[in-house]
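The lines below spell out each chain.
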Amino acid sequence: MPQGLPGSVLFCCTYNSVRSPMAEAIMKYLHGTRVYVDSVGVRAQEVDGFVVAVMDEIGIDVTKHRSKTFDDLEDDSFDLIISLSPEAQHKAVDMTRTMACDVEFWNTMDPTIVEGSREDRLEAYRAVRDGLMKRIRERFPVSGAPQI
């Protein structure tokens with residue numbers, strides 16, 4: 001896909017509760033309505049409270065996010081699907097076998113596996129958030145975007 005903004009992007013991960021909601025919210029924050037953005041999981045699980053906390057730190061509200069699966073998609077025609085976990089990558093590749101859609105794999109650590117104090121765990125979520133912010137800014141540059 002040529003660099004620049006696609007018309008639509010789907011972010012996917014395993015549960016649509018941590019990585020893909022972060023990516024969806026960051027993309028919407030940076031690009032607003034210029035790109036249609038959605039996110040799904042292979043399975044659905046409520047948004048993780050640590051996600052709400054670390055996104056709030058940078059002024060992005062994800063409290064209204066509702067987790068959904070690939071099966072819940074009303075429209076499955078996207079210009080680009082970005083998978084953030086190996087399981088989601090397999091599902092995305094399988095889903096796009098018969099469609100003209102690019103799939104990118106951004107293997108992203110699952111911060112839910114980190115153990116330790118609340119602060120240790122928050123740091124893992126911040127690392128994922130900041131990594132996604134950096135990757136999205138690099139892949140979908142925007143002039144005049146808010147700097148975080």
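Residues numbered from 1 in each chain as written. Predicted model: local features only at pLDDT ≥ 70, side-chain atom pairs only at ≥ 80, totals over all residues. Heavy atoms only, no water.

1. Notes on the pattern of salt bridges
Counted according to the given criterion, the structure contains 11 salt bridges. Here Glu104 makes a salt bridge to Arg139, at a shortest N to O gap of 2.9 Å. Of the two residues, Glu104 is situated in strand β4 (residues 102-105) and Arg139 in helix α4 (residues 118-139); the sequence distance between them amounts to 35 residues. The exposure class of Arg139 is buried, given its relative accessible area of 10%. Where Glu138 meets Lys134, a salt bridge forms, and the shortest distance between an N and an O atom there is 2.6 Å. (Salt bridge = Lys/Arg side-chain N within 4 Å of Asp/Glu carboxyl O. Helix = DSSP H or I, 4+ residues; strand = E, 2+ residues; numbered from the N terminus. Buried < 20%, exposed > 50% of the residue type's maximum accessible area, 1.4 Å probe, protein only.)

2. Quick word on the packing of aromatic side chains
With the rule as written, the count across this model stands at three aromatic pairs. Ring plane angle 65 degrees and centroid distance 6.3 Å describe the contact between Phe11 and Trp106, whose orientation is recorded as edge-to-face. Of the two residues, Phe11 is situated in strand β1 (residues 8-13) and Trp106 in the loop between β4 and α4; the sequence distance between them amounts to 95 residues. Residue class for Phe11 comes out buried when judged on its relative accessible area of 0%. The exposure class assigned to Trp106 is buried, which follows from its relative accessible area of 2%. (Phe/Tyr/Trp six-rings, centres within 6.5 Å; stacked < 30°, edge-to-face > 60°.)

3. Some details on unusual backbone geometry
Most peptide bonds are trans, and most residues other than glycine sit at a negative phi. A positive phi angle, close to 55 degrees, is found at Asn16, a residue other than glycine. Following the sequence through the fold, Asn16 ends up in the loop between β1 and α1 (19-31). We classify Asn16 as buried; its relative accessible area is 0%.

4. Some details on the sheet that holds strand β2 (residues 36-41)
Here four strands make up an open sheet; going across it, the order is β2-β1-β3-β4 and the pairing parallel. Single-partner strands in this sheet number two, and they are β2 and β4. If you compare each strand with its neighbour and ignore which way they point, the axes differ by 20 degrees on average. (Pairing = 2+ DSSP bridges. Axes fitted to C-alpha atoms, helices over the stretch in contact; angles between N-to-C directions.)

5. Description of the environment of Met95
Within the secondary structure, Met95 sits in helix α3 (residues 86-95). For the pair Met95 and Glu57, spaced 38 residues apart in sequence, the C-alpha separation works out to 35 Å. Not counting residues within four places of it along the chain, the set of residues in contact with Met95 comprises Leu10, Phe70, Leu73, Asp76 and Ile81. (Contact = heavy atoms within 4.5 Å.)

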